[in-house]
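Analysis of the macromolecular model
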Amino acid sequence: MEQEILRRLRALPAVHEVLSRLEDEIEFSPFMANEGWTPRVTLYVRQVLQSIREDINRNYANPFEEFEAALWPAIKKDLFKKLIKGETSLRRVINATGVVLHTNCGRALLAPEVARFISEQAERYSNLELNIQTGERGSRYVHVEELLCKLTGAEAAMVVNNNAAAVLLMMNTFAQGKEVIVSRGELVEVGGSFRIPEVLKAGGAKLVEVGATNKTWLKDYEAAISSETAMLLKVHTSNYRVEGFTHTVSGAELVKLGEDKGLPVMEDLGSGSFFDGANLGFPPEPTIKQTVKAGISLVTFSGDKLLGGPQAGIIVGKKSFVQQLRTNQLTRALRVDKLTLAALEGTLRLYDKGEFNEIPVWRMLSAPLDKLYEAAFELFTTLQPNQKIEVKLQEDVSQVGGGAWPTVELPTWVCTIRPRQGSVIELEKFLRLGSVAILSRIHKNWIVIDVRTFLKGDREEVVRRLAEWDQ
Ligand SMILES: *Cc1c(COP(=O)(O)O)cnc(C)c1O
C-alpha cells in the first residue's frame, strides 16, 4: 500500500511541467499570455497539485493512473475553476451541527430581507451621517437609536463594535482608576478571548470580587463598597450554570442598594434577548426590556447572538450615562460601519413589526418537531439509495450556542451516517472538504446531520456530496 502511494505521488508532475504544458492548452491561453496572471496561475497549480497529493495520501480510490486520460484533465479542470471563479477565503458552509449560534460559522444569520437592505446600502450613497431635512451633518447612530429605545424601553442607546467593546468602553468611561464590584460567580470567560477580569483591567478598572462561586448575597456587595467604588456590575453567566446550592442577587436588589449608596449598577447581559424564551419553554431569563425596567443604568449585549443581527455591541440605558459614553475618545475607535448599522436597523425593524419568524435565529430555535422530522425524513429517504453509506433516522438534541441557554436541549431529528468502507473520521473530513464545506459532528462513531440549521439547498448539497464518496 505504502509503495503504491509513493508510486502515485512520484507520478505527479512538477509545477514547472504543468505550467509549460498549459502554454499549449487553448482554454488557458488568455491566462498564460498575460504576465500579470503568472503568480496566480503558479499559486493555483501548486494548490491543485497539493490537493491531489492529499487525496493520494488519503488513498481515495484515485483514478489518476493514466496521466493523459485522467490526471491531466483533472488538473486542468480544477485549475480552470479556480482561475475563473477565483477562490475567496470566506466561503459558504453548511451548518449540519444543529448549533444555531455557531461562533465558528459566523453566529447569527441575517434575514434575506436584511441582507438585501445591506447590499443596497453598500452599492449606493446613503444618509449615513446626513440629516436629510436640514442638509447638515447628522449622527450615524440615529438610524438605530430610536428603535432600540422603543424596543427596550430605555432612555438612550448606542452601538459599538461588539459586546466586548461595550463592556470595555463602560469600564473606561466610568471606572478608570476606580473599583468595580462583581460577584465571584459571574467572572466569566467567553470564547477563550473575553474574560471579565481582563476586560475590567484593560478598561483601567480594579476588580473587587465578592461572594463565593455558588453564593453571593446583597450584604457581600454592601460590605465591599468604599469611597473607591465606581459601580456595581452584574454579568450574565452565559455559557455555564451553577446549579444546586446557589444564591445570586437580582438586578432589582442591586439597583436598590446602588440607590442607597449613590452608585450606578451596570450589566453585561451577554446575549440578551428581545424575545421571551419562556414562550419556547426555555428556562426563564429576564429580557432586555425587563433588565432595563429593573433600573440598571447601562445594559450591554451582543448584536449577533440571540438578537439575530450583525456583530455589534449594543448599550442601552439612562440618558446621562449614554451621553458620557459618547464623549469618550474610545467611542470613535470602536465605531461601527454602515453595513453593520444597516444590518442592525433591518433586524430591529423586523422585531418592531413583530416578525420574529423572519429572523433566522428565532425561526431555527422555534422550529416545530414535526417539521424537523419531515426534513430529516426527506434527507433519510434521499440518502437510502446510496450504497456506500449506512443511514439512520434518529431523535437527538440541538443546542442554542453563542453562550445562550447552555443547558437547554432542543429536541430535534437527525440523520446519522457512516461509511460501509473507510472510517467515519475520513467521511467527516470528506464532507468538510467539498466545494461547499459541510460541517457535521461525530457521535459514537456515527456522523450526525442535524437538519435544524439547514437552509434552502443544503439537503441537496449534502446528498450530492455523499454521492461522491467513493470508498
Ligand atoms: C458573548 C459575551 C460577551 C462578548 O460579546 P461579543 O459580542 O462577542 O464581543 C461578553 N459578555 C458576555 C456575558 C457574553 O456572553
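Residues numbered from 1 in each chain as written. Predicted model: local features only at pLDDT ≥ 70, side-chain atom pairs only at ≥ 80, totals over all residues. Heavy atoms only, no water.

The following threshold applies: UniProt positions are given in the numbering used here, feature names are shortened, and annotations may be inferred rather than shown by experiment.
Going by an unreviewed UniProt entry, the protein chain carries the name L-seryl-tRNA(Sec) selenium transferase and comes from Desulfosporosinus meridiei. Database annotation for the protein chain, UniProt heading Cofactor (unreviewed entry): "pyridoxal 5'-phosphate". Taken directly from UniProt, the Function (unreviewed entry) text for the protein chain runs: "Converts seryl-tRNA(Sec) to selenocysteinyl-tRNA(Sec) required for selenoprotein biosynthesis."

Examining the nonpolar core
Inside soluble globular proteins, nonpolar side chains tend to come together where they are buried. Operational definition: The nonpolar core is taken to be a set of buried Ala, Val, Leu, Ile, Met, Phe, Trp, Tyr and Cys residues, with the residues joined through side-chain atoms within 4.5 Å. Only protein chains enter the accessibility calculation, which uses a 1.4 Å probe. A residue is then buried if its area is under 20% of the maximum for its type, exposed if over 50%, and partly exposed in between. Each helix is a run of DSSP H or I of at least 4 residues and each strand a run of E of at least 2, with the numbering of both proceeding from the N terminus. Domain segmentation is taken from an automatic or database assignment of domains. Contacts are assigned to residue pairs with any non-hydrogen atoms lying within 4.5 Å of each other.
With 61 residues, the main nonpolar core has Leu148, Leu232, Phe274, Phe301, Leu306, Val316 and Val400 as its most contacted residues. Top element by residues in this core is helix α15 (residues 338–352). It accounts for 7 residues. Structurally, this core is a two-domain feature, drawing no fewer than three residues from each of domain 2 (93–105 + 364–467) and domain 3 (112–358). In contact with Val316, other than residues within four places in its own chain, are Leu148, Thr152, Ala154, Ala156, Ala157, Ile288, Val292, Ser297, Leu298, Val299 and Phe301. Of all hydrophobic cores here, the second largest spans 31 residues; its members include Ala165, Met231, Met266 and Ile315.

Quick look at the domain arrangement of the protein chain
Size of an interface, as often reported, equals the accessible area lost when the parts are brought together. On domain assignment, one finds that the protein chain holds domain 1 (2–84), domain 2 (93–105 + 364–467) and domain 3 (112–358). Centre-to-centre, using C-alpha coordinates, domain 1 lies 33 Å away from domain 2.

Some words on the sheet that holds strand β10 (residues 313–317)
The condition is simple: Two strands are said to pair when DSSP picks up at least two bridges between them. Where helices are involved, their axes are fitted lines through C-alpha atoms of the stretch in contact, as for all axes, and angles between N-to-C directions lie from 0 to 180°.
Pairing is mixed in the open sheet, where 7 strands are placed in the order β2-β10-β9-β8-β7-β3-β6. Of all the strands in the sheet, the pair left with one neighbour each is β2 (156–160) and β6 (206–210). Within this sheet the neighbouring strands show an average axis-to-axis angle of 25°, counted without direction. Contacts from helix α8 (residues 163–174) reach β2, β3 (179–183), β7 (229–235), β8 (265–268), β9 (298–302) and β10 within the one sheet, and its direction differs from that of β9 by about 155°. Docked against the sheet, helix α13 (residues 319–327) engages β2, β8, β9 and β10, running at close to 30° with respect to β2.

Quick look at the packing of aromatic side chains
Which entries qualify depends on this criterion: Any Phe, Tyr or Trp ring, taking Trp's six-membered ring, that has another such ring centre within 6.5 Å forms a pair; planes under 30 degrees apart are called stacked, those over 60 apart edge-to-face, and the others tilted. Note on criteria: charge over ring means Lys NZ or Arg CZ within 6 Å of the ring centre, with the direction from the centre no more than 35 degrees off the ring normal.
Scanning the entire structure with this criterion turns up 14 aromatic pairs. Their ring planes at 50° and their centres at 4.5 Å tell us that Phe275 and Trp362 sit as a pair that is tilted. Highlighted residues: Phe275 in the loop between β8 and α12 (288–293) and Trp362 in helix α16 (residues 360–365), separated in sequence by 87 residues. Classification of Phe275 as buried rests on a relative accessible area of 13%. Put simply, the rings of Phe274, Phe275, Phe301, Tyr351, Phe356 and Trp362 touch in pairs and so form one group of aromatic residues. Here the guanidinium or amino end of Lys215 rests over the ring plane of Phe245, the centre of that ring lying 3.5 Å away. Over the ring of Phe430 we find Arg465; its NZ or CZ atom is 3.7 Å from the centre of that ring.

A short note on the packing of helix α2 (residues 15–22) against helix α4 (residues 38–58)
Put simply, the test is: Relative orientations are named as follows: roughly parallel for angles under 35 degrees, roughly antiparallel for angles over 145 degrees, roughly perpendicular for angles from 65 to 115 degrees, and oblique for any other angle. For any helix crossing, the convention is left-handed if the near helix is rotated counterclockwise from the far helix by under a right angle, and right-handed if that rotation is clockwise. For this scheme, ten residues count as nonpolar: Ala, Val, Leu, Ile, Met, Phe, Trp, Tyr, Cys and Pro. Four count as charged, namely Asp, Glu, Lys and Arg, and the remainder, Gly too, count as polar.
One can describe the packing of α2 onto α4 by two numbers: an axis separation of 10 Å at closest approach and a directional angle of 120°. Judged by the angle between their axes, α2 and α4 are oblique. Every pair of crossing elements has a handedness; the one defined by α2 and α4 is right-handed. Contacts between α2 and α4 involve Val15, Val18, Leu19 and Leu22 from the former and Val41, Thr42, Val45, Arg46 and Leu49 from the latter. Each residue belonging to the contact of α2 with α4 can be placed in one class, and the counts come to 7 nonpolar, 1 polar and 1 charged.

Re the UniProt feature "modified residue: N6-(pyridoxal phosphate)lysine" (unreviewed entry) in the protein chain
Residues annotated by UniProt as "modified residue: N6-(pyridoxal phosphate)lysine" (unreviewed entry) correspond here to Lys305. The class of Lys305 is buried, set by a relative accessible area of 5%. Setting aside anything within four residues of it in sequence, one finds Lys305 in contact with Leu101, Arg107, Ala108, Val190, Gly270, Ser271, Val361 and Gly402.

Focus: the sheet that holds strand β14 (residues 441–443)
Here we have 4 strands laid out as an open sheet, ordered β11-β12-β15-β14, and antiparallel in their pairing. What marks the edges here is a single partner per strand, and that holds for β11 (389–398) and β14. For this sheet, the mean inter-axis angle between neighbouring strands, taken without regard to orientation, is 40°. Sheet strands touched by helix α17 (residues 369–383): β11, β12 (410–419) and β15 (446–450). Its angle to β12, the strand with the most contacts, is close to 10°.

Section: the side chain of Lys305
This is how the line gets drawn: Positive residues here are Lys and Arg, negative ones are Asp and Glu, while His and the chain termini are left out of the count. One speaks of a salt bridge when a side-chain nitrogen belonging to Lys or Arg is within 4 Å of a carboxyl oxygen belonging to Asp or Glu.
Mapped onto the elements, Lys305 comes out in the loop between β9 and β10. Buried and unpaired, Lys305 has no salt bridge, with Asp304 as the nearest side chain of opposite charge at 6.6 Å.

Concerning the environment of Leu344
Structurally, the position occupied by Leu344 is in helix α15. A relative accessible area of 0% means that Leu344 is categorised as buried. On a C-alpha basis, the gap between Leu344 and Gly303 in space is 7.5 Å, while along the polypeptide they are 41 residues apart. Residues contacting Leu344, with those up to four places away along its chain left out, are Val144, Val159, Leu307, Pro310 and Ile314.

Some words on α2
Defined as follows: Here the arc refers to the directions that run from the helix axis out to each C-beta atom.
If you check which residues of α2 are buried, you get Val18, Leu19 and Leu22. Buried positions in α2, seen along its axis, are confined to an arc of 100° and lie on one side of it. On its buried side, α2 packs onto α3 (29–33), α4 and α5 (67–85).

Let's talk about the site of the ligand
Definition in use: One heavy atom within 4 Å of a molecule or strand is enough for the residue carrying it to be called near that molecule or strand. Counted as a polar contact is a pair of N or O atoms within 3.5 Å, where, for protein atoms, one must be capable of donating a hydrogen and the other of accepting one, and residues adjacent in sequence contribute only when both atoms are in side chains. Shrake-Rupley sampling with a 1.4 Å probe provides the accessible areas, and residues are treated as covered by the protein chains on show and by no other component.
Neighbouring the ligand are Arg107, Asn162, Asn163, Ala164, Val190, Phe194, His236, Ser238, Asp268, Gly270, Ser302 and Lys305. A distance of 3.0 Å is found between an oxygen atom of the ligand and a backbone nitrogen or oxygen belonging to Asn163. One nitrogen or oxygen atom from the side chain of Asp268 is found 2.6 Å from a nitrogen atom belonging to the ligand. Surface burial for the ligand is 95%, taken as the share of its 380 Å² of free accessible area covered by protein chains. The class makeup of the residues in the shell around the ligand is 3 nonpolar, 6 polar and 3 charged.

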